[in-house]
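Okay, here's what each chain looks like letter by letter:
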Amino acid sequence: MSSTISFARALTYAGAIPFVVATTALFFSTANHHALFSKLLITYAVVIASFLGGIQWGVAISAIETAPTSARNLLFISVLPSLLAWIILFIPTSGAQFLAAATLFATVWAFDALLALQKLIPSWFFKLRCAISAIVIACLLLAYFSPA
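Everything quoted here is computed from the prediction, not taken from an experiment.

Draft legend 1. Fine view of the packing of aromatic side chains. For the structure shown, the criterion picks out five aromatic pairs. Look at Tyr-144 and Phe-145: their rings are 4.9 Å apart centre to centre, the planes differ by 85°, and that puts the pair in the edge-to-face class.

The following block contains the structure:
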């Protein structure tokens, strides 16, 4: 089992690479390329936010028999990241998109903390989510301050 957890960790950190690369590129890009890197970062962010909702959906499905009330609430909550991520795409400025995405990731992280408290997700997974959420939120906040 530990090799599977290690594999999950490796995939998770690999998933952070586009956040780090796009954010770094924003600071070194010319004005002509800034919009491109902003778009790359925000579209990746909304895809990953939707993915996180899918994880919550899976947790809800696995908890239906053991924690039906939590599962019902989580089913509802699990669709929100996708819907809110989609709305982020229509925010007119990249700076506001970055702030909205950072807020969305922080909110999903808070829901993960509630899942951890209820023991609906394993502790290793929550520790991983804490580390990766901090990286993603930091990237989005740094992107907000990138020179345009």
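Draft legend 2. Up close: the state of the cysteines. The tally for this structure, following the rule as stated, stands at zero disulfides. With no disulfide partner, Cys-130 has as its closest neighbouring cysteine sulfur the one in Cys-139, 16 Å distant. You can call Cys-130 partly exposed: its relative accessible area is 23%. A relative accessible area of 7% means that Cys-139 is categorised as buried.

Draft legend 3. Main features of the nonpolar core. Ranked by internal contacts, the top residues of the largest apolar core, which has 22 residues, are Phe-19, Leu-41, Ala-45, Phe-98, Phe-105 and Leu-140. Residues in contact with Phe-105, not counting those within four places in the same chain, are Phe-19, Ala-45, Ile-48, Ala-49, Leu-52, Val-136, Ile-137 and Leu-140. Grouped together as the second largest cluster of nonpolar side chains are eight residues, Ile-77, Leu-115, Ile-121 and Phe-125 included.

Draft legend 4. A look at the pattern of salt bridges. Under the counting rule described, the total for this entry stands at one salt bridge. Note that Asp-112 and Arg-129 form a salt bridge whose closest N and O atoms lie 2.5 Å from each other. Taken as a pair, Asp-112 in helix H4 (residues 94-117) and Arg-129 in helix H5 (residues 123-144) lie far apart in primary sequence, 17 residues in all. Accessibility assignment for this pair places Asp-112 and Arg-129 in one class, buried.

Draft legend 5. View of the layout of surface pockets. Roughly 320 Å³ of internal volume is contained in the largest pocket. Counting residues per element, the lining of the largest pocket draws most heavily on H5, at seven residues. The residue makeup of the lining of the largest pocket, split by class, is 15 nonpolar, three polar and one charged.

Draft legend 6. How the structure looks around the environment of Ala-35. Along the chain, Ala-35 falls in helix H2 (residues 31-63). Separated by 59 residues in the primary sequence, Ala-35 and Ser-94 have C-alpha atoms spaced 8.1 Å apart.

Draft legend 7. Structural view of unusual backbone geometry. Of note in this structure, Lys-119 is not a glycine but carries a positive phi near 60°. Within the secondary structure, Lys-119 is located in the loop between H4 and H5. By relative accessible area, which is 70% here, Lys-119 ends up exposed.

Draft legend 8. H5, seen in detail. The end-to-end C-alpha distance of H5 is 31 Å, a good match for the 32 Å that 22 residues give at a rise of 1.5 Å each. Among all positions of H5, only Phe-125, Phe-126, Leu-128, Arg-129, Ile-132, Ser-133, Val-136, Ile-137, Cys-139, Leu-140 and Ala-143 are buried. All buried residues of H5 project into a common sector of 155° when viewed along the axis, lining one side. Facing away from the buried surface of H5 by more than 90 degrees, the exposed residues are Ser-123 and Lys-127. On its buried face, H5 sits against helix H1 (2-28), H2 and H4.

Definitions and cut-offs
- Counting from 1, residues in each chain are numbered in the order their sequence is written.
- It should be noted that, the model being predicted, local features are given only for residues of pLDDT at least 70 and side-chain atom pairs only at 80 or more, the latter also being counted only at that level, while totals for whole chains, interfaces and linings use all residues.
- For side-chain calculations, the full set of non-hydrogen atoms in the structure is used, while hydrogens and water are omitted.
- In this analysis, rings of Phe, Tyr and Trp, with Trp reduced to its six-membered ring, are considered paired at centre separations within 6.5 Å, and the interplanar angle assigns stacked below 30 degrees, edge-to-face beyond 60, and tilted for intermediate values.
- Count a disulfide wherever a pair of cysteine sulfur atoms falls within 2.5 Å.
- The rule is simple: take the accessible area with a 1.4 Å probe, protein chains only, and divide by the maximum for that residue type; under 20% is buried, over 50% is exposed, in between is partly exposed.
- For this analysis, a nonpolar core means a set of buried residues of the types Ala, Val, Leu, Ile, Met, Phe, Trp, Tyr and Cys, connected via side-chain atoms within 4.5 Å.
- Contacts are residue-level and defined by heavy atoms, with any inter-residue pair within 4.5 Å sufficient.
- The term salt bridge refers to a pairing of a side-chain nitrogen on Lys or Arg with a carboxyl oxygen on Asp or Glu at a separation within 4 Å.
- Strands here mean DSSP runs of E at least two residues long; helices mean DSSP runs of H or I at least four residues long; both are numbered from the N terminus.
- Computed over the protein atoms alone on a 1 Å grid, cavities are sets of points where a 1.4 Å probe fits but cannot get out and pockets are open sets with protein on both sides within 12 Å along at least five of seven lines; a residue lines them when it has an atom within 4 Å of a point.
- Grid points are joined across faces, edges and corners, and a volume is the space filled by probe spheres set on the points.
- Three categories are distinguished: nonpolar for Ala, Val, Leu, Ile, Met, Phe, Trp, Tyr, Cys and Pro, charged for Asp, Glu, Lys and Arg, and polar for the others, with Gly belonging to the last.
- Expected helix span is computed as 1.5 Å times (number of residues minus one).
- Our arc is simply the arc of the directions from the helix axis toward the C-beta atoms.

All quantities given are derived from atomic positions and should not be read as evidence of function.
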